[in-house]
Amino acid sequence: MKRTPFYNLHEQAGAKLIDFGGFEMPVQYDSIRKEHKAVRNGVGMFDVSHMGEFYVTGDEALDLVQHVTINDASKLKPGKAQYSAMCYEDGGIVDDLLVYMLDENEYILVVNASNIGKDFEWIDQNNSFDAELTDLSGDTCLLAVQGPKAVETLQKLTDTDLSTIKFYTFELGSLAGFDDITISATGYTGEKGFELYFNKDHVDPEAIWKAIMEAGAEFGIEPCGLGARDTLRLEMGFALYGNDITKETHPLEARMGWLTKLDKGAFIGRDALMEAKDEGISRQLVGFTIEEKRSIPRSGYTIFDSEDNEIGFVTSGSRSITLGDNIGMGYVSKEFTKDGSKIFVEIRNKKAEATVHKPPFVEKK
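Described in the following lines is the structure provided in the data block.

Quick look at the nonpolar core
Move 1: Core analysis: the largest hydrophobic core is formed by 39 residues, its most contacted members being F46, L98, Y100, V110, I245 and M256.
Move 2: Of all the secondary structure elements, the ones that give two or more residues to this core are β5 (80–87), β6 (93–103), β7 (106–111), β9 (140–146), α7 (226–236), α8 (270–279) and β17 (326–333).
Move 3: Per element, the largest residue contribution to this core is four residues, and it comes from β5.
Move 4: Residue contacts for I245: discarding those within four places in its chain leaves I93, D96, A239, L240, A254, M256 and Y331.
Move 5: In terms of nonpolar packing, the next biggest core, distinct from the first, is built from 29 residues, F6, I181, A185 and I208 among them.

Here it is in structure tokens:
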């Protein structure tokens, strides 16, 4: 398995390590609950260096990005980022990703760790443009510092005014004495925070990690694993590739219609998505809550209506650490997507009543 440059620190901290996307990554350090609460109430730091970063340059860099993604990258300006996705010709989702515009004809695409090889091959085979695609994943470190105390923590380490970096914008600055660090505000937890991108050969990864931990000590900073990352994103209703979105689902049924710009011109999957829109979708990804404390929904569980007819399946589920209620997401037939609709999740051969609830489950910060 691959390891990030922070592996030794994870091991020293006693993290429980698992295989995730081919990387040996921390799922938790002390406990998922403790790490989750640190991010909601104070500050936590995640090593997400397993994510993939592709550099797209050239006179037709924008044309390539527009061709393979569903959002409209022509709306970006240098210093701006955009949430997007890539689709197959049939509309199925290749991956969801972030698009960063560095400068004219310069873009960074940030993709999911488990999809790096597949995504690069997909973009490369569809590159008929005057654009160069470079995989920078192996050279790039990525830390996510998240929580209401994230700004105060990192402001100690940089002269960049972090209050000026608004959601989905980024700046190049210095941090903890190191230059050429991209400070970005995109996030996957619903809390304020930043993602820090830097080249592992130009910046000392362990020095950055230790400086942030020291700066956040007064706020009770916790190193956080993938377990807390998952419980935090679920409370916000953020999709996870491989669970909530896959090649068998398309953006219009996955609540991604808002970023699917069918009027921007041709892109891969557009014809299939136009047809799906015209015909009307038969199912949709929804959020739901279950009051019964012992009935925790899990991925793959079947969803029924009150007449015992199968109407869908669960894609993600857990007990909300913030709320104490059981929450989940899943695909259900279109007629059951309205807020307040009653559905039933089969859990251990019993059907637990659930109520459709439009995410987020916790208040956005």
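That shown, we press on.
Observations concerning empty space enclosed by the protein
Move 1: Enumeration according to the criterion identifies one cavity of 30 Å³ or more in this entry.
Move 2: Of all the secondary-structure elements, those providing two or more residues to the lining of the largest cavity are β2 (23–28), β3 (44–47) and α7.
Move 3: In terms of residue class, the lining of the largest cavity is built from five nonpolar, one polar and two charged.

A word on unusual backbone geometry
Move 1: Here the amide bond leading from P359 into P360 is cis, since omega sits at 10°, within 30 degrees of zero.
Move 2: Relative to the assigned elements, P360 resides in the segment after β19 (350–356).
Move 3: If you check the backbone angles, R255 has positive phi at about 60° while not being a glycine.
Move 4: With respect to the helices, strands and loops of the structure, R255 is situated in the loop between α7 and α8.
Move 5: Even without a glycine there, the phi angle at R348 is positive, about 50°.
Move 6: Along the chain, the position of R348 falls in the loop between β18 (342–347) and β19.

Some remarks on the sheet that holds β6
Move 1: The five strands are arranged β5-β6-β7-β4-β8 in an open sheet whose pairing can be described as antiparallel. In this open sheet, the two strands that pair with only one neighbour each are β5 and β8 (132–135). Strand after strand, the sheet turns through a mean of 25° between neighbouring axes, direction not considered.
Move 2: Looking at chain direction, strand β4 (residues 52–57) and β8 are connected through four bridges and run antiparallel. In the sheet register, T57 faces β8, and the bridge partner there is E132.
Move 3: Across the sheet, helix α4 (residues 116–125) is in contact with β4, β5, β6, β7 and β8; its angle to β8 comes to roughly 170°.

Focus: the pattern of salt bridges
Two side chains carrying opposite charge are able to pair once their charged atoms lie near each other.
Move 1: Considering all chains together, one arrives at 16 salt bridges under this definition.
Move 2: Its salt-bridge partner being E292, residue R294 comes within 3.2 Å of it at the nearest N-O pair.
Move 3: Take E292: its relative accessible area is 36%, and that puts it in the partly exposed class.
Move 4: Between E346 and K351 there is a salt bridge whose closest N-O contact spans 3.8 Å.
Move 5: Residue classification places E346 among the partly exposed residues on the basis of a relative accessible area of 28%.
Move 6: Judged by its relative accessible area of 38%, K351 is partly exposed.
Move 7: Residues joined in a network through salt bridges with shared partners are D30, K34 and E222.

So, how was this worked out
- Residues numbered from 1 in each chain as written.
- Predicted model: local features only at pLDDT ≥ 70, side-chain atom pairs only at ≥ 80, totals over all residues.
- Heavy atoms only, no water.
- Core = buried A, V, L, I, M, F, W, Y, C linked by side-chain atoms within 4.5 Å.
- Buried < 20%, exposed > 50% of the residue type's maximum accessible area, 1.4 Å probe, protein only.
- Helix = DSSP H or I, 4+ residues; strand = E, 2+ residues; numbered from the N terminus.
- Contact = heavy atoms within 4.5 Å.
- 1 Å grid on protein atoms, 1.4 Å probe; cavity = no way out; pocket = protein on both sides within 12 Å on 5 of 7 lines; lining within 4 Å.
- Points joined across faces, edges and corners; volume = space filled by probe spheres on them.
- Nonpolar A, V, L, I, M, F, W, Y, C, P; charged D, E, K, R; others polar.
- Pairing = 2+ DSSP bridges.
- Axes fitted to C-alpha atoms, helices over the stretch in contact; angles between N-to-C directions.
- Salt bridge = Lys/Arg side-chain N within 4 Å of Asp/Glu carboxyl O.

Purely geometric numbers; function is a separate question.
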